Amino acid sequence: MSEGNAEAKPKNDLSRPIEVVRAELLADEETKKIATAVNMKLEDYVELVLKYAQDKSLEPELAIVSDDELRKNGITPVTTDEAADLIIRGMKGELPGSMPDFDASKFEQKGNAGKPSLNASTPADQATPAQPQDAAARQSMLDQIKRGGGGRA
């Protein structure tokens, strides 16, 4: 029993059988979206995920390759602007497999016809008048405020 053999065999950190986890990942829609987003075949992506899930001591590998080397292998390198856009889209939750943030939730829509809004500002076309148009109605409201409310006995 040499030390090299012990390191070569991955330590299984999964609490469930690997076949069950593999089947769930292959059927999962989010996993399919992520595999597509990283340009990998679903099966290859799932095996890579399982590799890291089985052995928590593994660190991700990082390979730095020149743009010329990428082009030789048929890969178009991203520009600085494209990389920045990718990071921003990730932060906003716009990438496949990422959780959308509140701003992207479509809860607040333009022209929501009197429905509640989380936006404190009111669009100019829906602005409420600062005071009633009728002077008598304005004075009545001021009197109610002074008394502590409207219509109370």
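Up top is the structure these notes are about.
Residues numbered from 1 in each chain as written. Predicted model: local features only at pLDDT ≥ 70, side-chain atom pairs only at ≥ 80, totals over all residues. Heavy atoms only, no water.

Undergrad: I tried to follow helix H4 (residues 42-54) on my own but got confused; where do I start?
TA: Note that an α-helix has 3.6 residues per turn; residues three or four places apart therefore point the same way. The first and last C-alpha atoms of H4 sit 18 Å apart over 13 residues, in line with the 18 Å expected at 1.5 Å per residue. Of the residues making up H4, those classed as buried are Leu 42, Tyr 45, Val 46, Leu 50, Ala 53 and Gln 54. Viewed along the axis of H4, the buried residues span an arc of 160°, placing them on a single side of the element. For H4, the secondary structure elements touched by its buried residues are helix H2 (18-27) and helix H3 (29-37). (Helix = DSSP H or I, 4+ residues; strand = E, 2+ residues; numbered from the N terminus. Expected span 1.5 Å × (residues − 1). Buried < 20%, exposed > 50% of the residue type's maximum accessible area, 1.4 Å probe, protein only. Arc of directions from axis to C-beta. Contact = heavy atoms within 4.5 Å.)

Undergrad: I keep staring at the nonpolar core and nothing clicks. Help me out?
TA: Generally speaking, soluble globular proteins have nonpolar side chains that are buried together. Listed in full, the eight residues of the largest apolar core are Ile 18, Val 21, Leu 25, Ala 35, Leu 42, Tyr 45, Val 46 and Leu 50. The element contributing the most residues to this core is H4, with four residues. Residues in contact with Val 46, not counting those within four places in the same chain, are Arg 22, Leu 25, Leu 26 and Thr 31. (Core = buried A, V, L, I, M, F, W, Y, C linked by side-chain atoms within 4.5 Å.)

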